[in-house]
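# Structure at a glance
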Amino acid sequence: MYFYKNDNKKNNDLMNHLYGRSRKILEENSDCHIYEYGDSKNPSAIITRYRIFPGVKVLFNDIHLSSIEREYLETDMGDKCFEINHCREGRFECELKDGTATYMKAGDFSISLVNNSSAHSFFPIRHYHGLTIWIEPNQFEEDILFLEKILDLNFNRVLESLCSDNGLFIKRASKELEHIFYEIYRVPSEILIPYLRVKIQELFIYMTLLKDYGEIENRQYIPKSNVDIVRKINEFINSEFKNNYTYEELSNKFSIKISTMKQCYKNVYGESINDTLRKKKLEESCKLLRSTDKLITDIAVEIGYSDHSKFSNAFKKMYNITPSEYRKITDMAHIV
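Values in this document were obtained by computation on a predicted structure and should not be read as measured data. Per chain, residue numbering runs from 1 following the sequence as it is written. pLDDT decides what is reported in this predicted model: residues at 70 or higher carry local features, side-chain atom pairs at 80 or more are listed and counted, and totals for whole chains, interfaces and linings draw on all residues regardless. Excluding hydrogens and water, the side-chain values take into account all heavy atoms of the structure.

## Considering the overall build of the protein chain
- To qualify as a helix, a DSSP run of H or I must reach at least 4 residues; to qualify as a strand, a run of E must reach at least 2; elements of each kind are numbered from the N terminus. The helix and strand tally for the protein chain stands at 12 helices and 13 strands.
- Any two residues whose heavy atoms approach within 4.5 Å are treated as being in contact. Of the contacts made within the protein chain by residues no fewer than 6 positions apart, 68% connect residues no fewer than 24 positions apart.

Put into structure tokens, the structure is as follows:
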């Protein structure tokens, strides 16, 4: 069991930096803390934090918020810490202080210096599961220093080599990453902490190979100005989903090139603008099928489809049943 000097303050600094102050503790003991973020009006986030070694903590993220306002560390602590993230599901926006941004999708892995992170974390589709490994090398003690000697590794040097010039390092999903992280999300809680201690060692051995793969050049940064535009486009098409706007119309309305708009939108949301529109239309149609007696043809027109056939085909492709079958199922559920 490990304890830091000023442990409570360091824990608060860590949680404030990663997730902000608005939290309540659901459970706590010497090795594990579980926090809840959000309020009754918004989807919540559940964060489970484990102390693995002095200077190493692992946090499991279950987030269903659009964004989290972080609190930047203003102490020397921020200059000496690394944040490692692995995305299991969903999407996560990494925004740097220089105004560039990149996106993590399922299976992606990133490393960054804490003093280079922004004040916000964004989750474009309000769905993110993954883990964060917090590394504070100046807090390493005998146990991890002994491991470094056994493995012939310097953990701090490995991280610094991948985050050269304070950059954000990203490795896209691969079989090797899947092998390392797959069992972490499934291991029984009774052996989780010793298992994570082993996995941390495996991860650092693996990271010694990454620089040779040239992954540092594969960051796919996006100017923040373009990110802001596609967020506005997403908000607009979700509120105006009944109208079938063309890419050219959206490009003119938001003053962005079509090619830039399409690429940036796909990077941020993981799908095309047309995919977002289709999903929104069909989600709305489900509400109308459940809550009204309107004819299916009328519903199709109301949500922006030109005819019943196109609507039915799109609905079946999305949900694997026809609109009429969906209505029958929901009607029977109400009867029961």
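## Quick look at helix α3 (residues 155-162)
- Buried within α3 we find Phe-155, Val-158, Leu-159 and Leu-162. Angular distribution of buried residues about the axis of α3 spans 95 degrees; they occupy a single face of the element.
- Where α3 is buried, its residues contact β6 (82-90), β9 (109-113), β11 (128-135), α2 (142-151), β12 (169-171) and α5 (192-207).
- Pairs of N or O atoms within 3.5 Å make up the polar contacts considered here, provided that, within protein, one atom can donate a hydrogen while the other can accept it, and that residues adjacent in sequence are counted only when both atoms are side-chain atoms. Where α3 starts, the residue carrying a side-chain oxygen 3.2 Å from the main-chain nitrogen of Asn-156 turns out to be Asn-154. The rule is simple: take the accessible area with a 1.4 Å probe, protein chains only, and divide by the maximum for that residue type; under 20% is buried, over 50% is exposed, in between is partly exposed. Note that the arc is defined by the directions from the helix axis to the C-beta atoms.

## Some thoughts on the sheet that holds β12
- Two strands are said to pair when DSSP picks up at least two bridges between them. Strand order in the open sheet made by the 8 strands is β1-β2-β3-β4-β11-β6-β9-β12, with antiparallel pairing throughout. Bordering the open sheet on either side are β1 (23-28) and β12, each of which pairs with just one other strand. Going across the sheet, the axis of each strand differs from the next one's by a mean of 20 degrees, ignoring polarity.
- Direction of pairing for strand β4 (residues 56-63) relative to β11: antiparallel, over a ladder of 8 bridges. The axes used here are C-alpha line fits, helices contributing only the stretch in contact, and every angle between their N-to-C directions lies in the interval 0 to 180 degrees.

## Describing the pairing of β4
- Most of β4 is tucked away, with 7 of its 8 residues classed as buried.
- Summarising the sheet, strand β3 (residues 45-53) and β4 pair through 8 bridges and their orientation is antiparallel. Across the sheet, the residue bridging to Tyr-50 is Val-58, located in β4.
- Joining the antiparallel neighbours β3 and β4 is a turn of 2 residues, in which Gly-55 adopts a positive phi near 90 degrees.

## Concerning the pattern of salt bridges
- The rule for a salt bridge is simple: a side-chain nitrogen of Lys or Arg has to be within 4 Å of a carboxyl oxygen of Asp or Glu. In the structure shown here, the tally under the stated rule is 11 salt bridges.
- Salt-bridge contacts for Asp-108 lead to Arg-172; the nearest nitrogen and oxygen are separated by 2.8 Å. Placement of Asp-108 in the loop between β8 (100-104) and β9 and of Arg-172 in the loop between β12 and α4 (175-181) is noted, with a sequence separation of 64 residues between them. Taken individually, Asp-108 and Arg-172 each receive the classification buried, so the pair is uniform in this respect.
- One salt-bridge network, in which partners are shared between bridges, spans Glu-93, Asp-228 and Arg-231.

## Some thoughts on the packing of aromatic side chains
- Planes of paired rings set the category: under 30 degrees apart is stacked, over 60 is edge-to-face and the rest tilted, where pairs are Phe, Tyr or Trp rings (Trp by its six-membered ring) whose centres lie within 6.5 Å. For the coordinates displayed, the defined rule picks out 16 aromatic pairs.
- Between Phe-60 and Tyr-185, the aromatic rings sit 6.2 Å apart at their centres with planes inclined by 80 degrees, giving edge-to-face as the arrangement. Note that Phe-60 is positioned in strand β4 and Tyr-185 in the loop between α4 and α5, a separation of 125 residues in sequence.
- The buried category is assigned to Phe-60, whose relative accessible area is 16%.
- On the basis of an interplanar angle of 10 degrees and a centroid distance of 4.1 Å, the ring pair of Phe-155 and Phe-204 is categorised as stacked.

## Brief notes about the nonpolar core
- With 41 residues, the main nonpolar core has Phe-109, Ile-111 and Met-207 as its most contacted residues.
- Top contributing element to this core by residue count: α5, with 8 residues.
- Leave out the neighbours within four places in its chain, and Ile-111 touches Phe-82, Glu-83, Ile-84, Leu-159, Leu-162, Cys-163, Gly-167, Leu-168, Phe-169 and Met-207.
- The next biggest cluster of nonpolar side chains, apart from the first, holds 34 residues, and it includes Ile-237, Tyr-269, Leu-288 and Leu-289. Nine residue types can take part in a nonpolar core, namely buried Ala, Val, Leu, Ile, Met, Phe, Trp, Tyr and Cys, and a core is a set of them joined through side-chain atoms within 4.5 Å.

## Details of the environment of Glu-71
- Mapped onto the secondary structure, Glu-71 falls in the loop between β5 (67-69) and β6.
- Setting aside residues no more than four positions away along its own chain, Glu-71 makes contact with Asn-16, His-17 and Arg-21.

## A short note on the side chain of His-33
- Tracing the chain through its elements places His-33 in strand β2 (residues 32-37).
- Engagement of the side chain of His-33 in a polar contact is seen with the side chain of Glu-28, the distance being 3.2 Å.

## Re the side chain of Ser-174
- With respect to the secondary-structure elements, Ser-174 resides in the loop between β12 and α4.
- Looking at Ser-174, its side chain comes within polar contact range of the side chain of Glu-176, at 3.2 Å.

## Section: the environment of Lys-266
- Counting through the fold element by element, Lys-266 comes out in helix α8 (residues 258-269).
- Residues Lys-266 and Val-230 lie 36 residues apart in sequence; the distance between their C-alpha atoms is 9.4 Å.
- Lys-266 has contacts with Arg-91, Glu-271 and Ser-272, leaving out every residue within four places of it along the chain.

## Focus on the pairing of β2
- In terms of burial, β2 is a largely internal element, 5 of the 6 residues being buried.
- Of the strand pairs in this sheet, β1 and β2 are connected by 5 bridges, and their pairing is antiparallel. The residue of β2 that forms the bridge with Glu-28 is His-33.
- From the end of β1 to the start of β2, which pair antiparallel, there are 3 residues.

## Focus: the confidence of the model for the protein chain
- On a scale of 0 to 100, pLDDT captures the predictor's confidence in every residue. Of all residues in the protein chain, 88% have pLDDT values of 70 or greater, and the mean over the chain is 85.
- Of all helices and strands in the protein chain, the one with the weakest mean pLDDT is helix α12 (residues 323-335) (77), whereas β4 scores best (96).
- Throughout residues 1-6 the model reports pLDDT below 50, and contacts reaching past four residues in sequence, or to other chains, amount to 17 contacts.
- Between residues 214-218, whose pLDDT stays under 50, and residues either more than four places distant or in other chains, the model counts 11 contacts.

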